[in-house]
Amino acid sequence: MQYLVAIHHPDDYDPANAEDEAMHRDIDALNDEMVAAGIRIFVGGLRTVKEAKSIKQNTGGDILVTDGPFLETKEHIGGFWVLEAASMEEALEWGRKAAIACRAPVEVRQFH
């Protein structure tokens, strides 16, 4: 089973101010641990939400591209892992480690 482990950041998150060398070391160590365990499928950090574009089709069938994220929220996904885990409990264990390493809230969801 595959799981998304998503890191959530506030909209005004600035990696230059929020992240330090200790945090980067912790994230690198977690990535190394995931690779060694054979569960990491993909990992990606996302650029700021200010650089996001949203695409949707209006009722007339036209495709609209707008600046910013699609959802109007105070937080957004700042990065994520896709893991191959045997169960939700195993994925949650990795999610707990991600919350500690990233110093941020984490969401864990199973793929269909």
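We now turn to the structure provided with this report. (Residues numbered from 1 in each chain as written. Predicted model: local features only at pLDDT ≥ 70, side-chain atom pairs only at ≥ 80, totals over all residues. Heavy atoms only, no water.)

1. Focus: the nonpolar core
Selection criterion: Put simply, buried Ala, Val, Leu, Ile, Met, Phe, Trp, Tyr and Cys residues joined by side-chain atoms within 4.5 Å make one nonpolar core. For each residue, the accessible area found with a 1.4 Å probe, counting protein chains only, is set against the maximum for its type, and the residue is called buried under 20%, exposed over 50%, and partly exposed in between. Strands are runs of DSSP state E lasting at least two residues, helices are runs of H or I lasting at least four, and both sets are numbered from the N terminus onward. Only heavy atoms matter for contacts: two residues are in contact if any of them lie within 4.5 Å across the pair.
L30, M34, W81, L83 and C102 are the most contacted members of the largest nonpolar core, which has 19 residues in total. Of all the secondary-structure elements, those providing two or more residues to this core are β1 (2-10), α2 (21-37), β5 (75-84) and α3 (88-102). If one sorts the elements of this core by residue count, α3 sits on top with 5 residues. The contacts of L83, once residues within four sequence positions are left out, are M1, Q2, Y3, V5, M34, I39, R40, I41 and W94.

2. Regarding the pattern of salt bridges
The condition is simple: What counts as a salt bridge is simple: a side-chain nitrogen of Lys or Arg found within 4 Å of a carboxyl oxygen of Asp or Glu.
On inspection of all chains with the given rule, the structure shows 6 salt bridges. For D26, the salt bridge goes to R103, with nearest N and O atoms at 2.8 Å. Of the two residues, D26 is situated in helix α2 and R103 in the loop between α3 and β6 (106-110); the sequence distance between them amounts to 77 residues. Owing to a relative accessible area of 33%, D26 belongs among the partly exposed residues under this scheme.

The quantities given are spatial measurements derived from coordinates; they are silent on function.
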